[in-house]
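Chains, contacts and geometry: an overview
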Amino acid sequence: MESKIIKAFFDGTLSDEMIKSPRTKEYKDIDKRETELYDKIRPQLTVEQQKLFDEFVDLYGERHSLEEENYYLRGFKFGVRLLIECLDLSDVVKEE
């Protein structure tokens with residue numbers, strides 16, 4: 001069997017950045033509300049407060065990105081462990 005996915009990862013024709021996640025209506029609504037609030041709050045701040053606010057927004061996003069990466073890795077590992085357990089037929093096939 002040819003390893004199409006593994007080969008694609010190796011040669012760079014497939015990567016995580018290329019996989020698009022569908023955006024649900026709920027996601028789009030929250031994204032719109034978040035942008036509206038940001039655009040409403042930011043002009044009310046002084047220049048120094050704007051810098052602090054923008055730094056906060058950036059750090060908040062970075063932290064969530066790290067959490068998402070952690071969940072992705074844990075989910076991937078969980079899936080591999082599940083696959084390994086499924087491939088273990090020692091409880092079904094009795095060696096003679």
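Check the entry above for the structure.
What you see is a predicted model, and the numbers here were worked out from it, not measured in a lab. (Residues numbered from 1 in each chain as written. Predicted model: local features only at pLDDT ≥ 70, side-chain atom pairs only at ≥ 80, totals over all residues. Heavy atoms only, no water.)

Our focus in this paragraph is the overall build of the protein chain. Helix and strand counts for the protein chain stand at three helices and zero strands. In terms of C-alpha radius of gyration, the protein chain reaches 22 Å, well past the compact-globule figure of 12 Å for 96 residues. With the principal axes as the frame, the protein chain shows a C-alpha extent of 80 × 30 × 25 Å. In the protein chain, which comprises 96 residues, the share counted as buried stands at 4%. Surface accessibility of the protein chain: about 9,700 Å² in total, with carbon and sulfur atoms responsible for 59%. Between the centroid of the 16 positive side chains of the protein chain and the centroid of its 23 negative side chains there is a distance of 5 Å. (Helix = DSSP H or I, 4+ residues; strand = E, 2+ residues; numbered from the N terminus. Rg over C-alpha atoms; globule rule 2.2 N^0.38 Å. Buried < 20%, exposed > 50% of the residue type's maximum accessible area, 1.4 Å probe, protein only. Areas by Shrake-Rupley, 256 points an atom, 1.4 Å probe, with all protein chains shown as cover. Lys, Arg positive; Asp, Glu negative; His and termini not counted. Charge placed at Lys NZ, Arg CZ, Asp CG, Glu CD.)

Under the defined criterion, the tally for this structure stands at four salt bridges. As a salt-bridge pair, lysine 25 and aspartate 29 come within 2.9 Å of each other at their nearest N and O atoms. Placement of the pair is lysine 25 and aspartate 29 together in helix α2 (residues 25-41), with a separation of four residues, close to one helical turn. The class of lysine 25 is exposed, set by a relative accessible area of 62%. The closest approach of N and O atoms between glutamate 67 and arginine 63, which form a salt bridge, is 3.1 Å. Of the two residues, glutamate 67 and arginine 63 are both situated in helix α3 (residues 47-87); the distance of four residues between them amounts to about one turn of the helix. In this structure glutamate 67 comes out as partly exposed when scored by relative accessible area, which is 32%. (Salt bridge = Lys/Arg side-chain N within 4 Å of Asp/Glu carboxyl O.)

This part takes up the side chain of aspartate 54. Mapped onto the fold, aspartate 54 is located in helix α3. Residue aspartate 54 is classed as buried on the basis of its relative accessible area of 19%. A polar side-chain atom of aspartate 54 sits 2.6 Å from a polar atom in the side chain of arginine 42. When sequence neighbours within four positions are dropped, the list of residues in contact with aspartate 54 reads Tyr38 and Arg42. (Polar contact = N/O pair within 3.5 Å; in protein donor to acceptor, adjacent residues only side chain to side chain. Contact = heavy atoms within 4.5 Å.)

Right, let's get into the side chain of glutamine 50. Checked against the element boundaries, glutamine 50 lands in helix α3. You can call glutamine 50 buried: its relative accessible area is 16%. Contacts of glutamine 50, omitting those with residues within four sequence positions, involve Arg42, Pro43 and Leu45.

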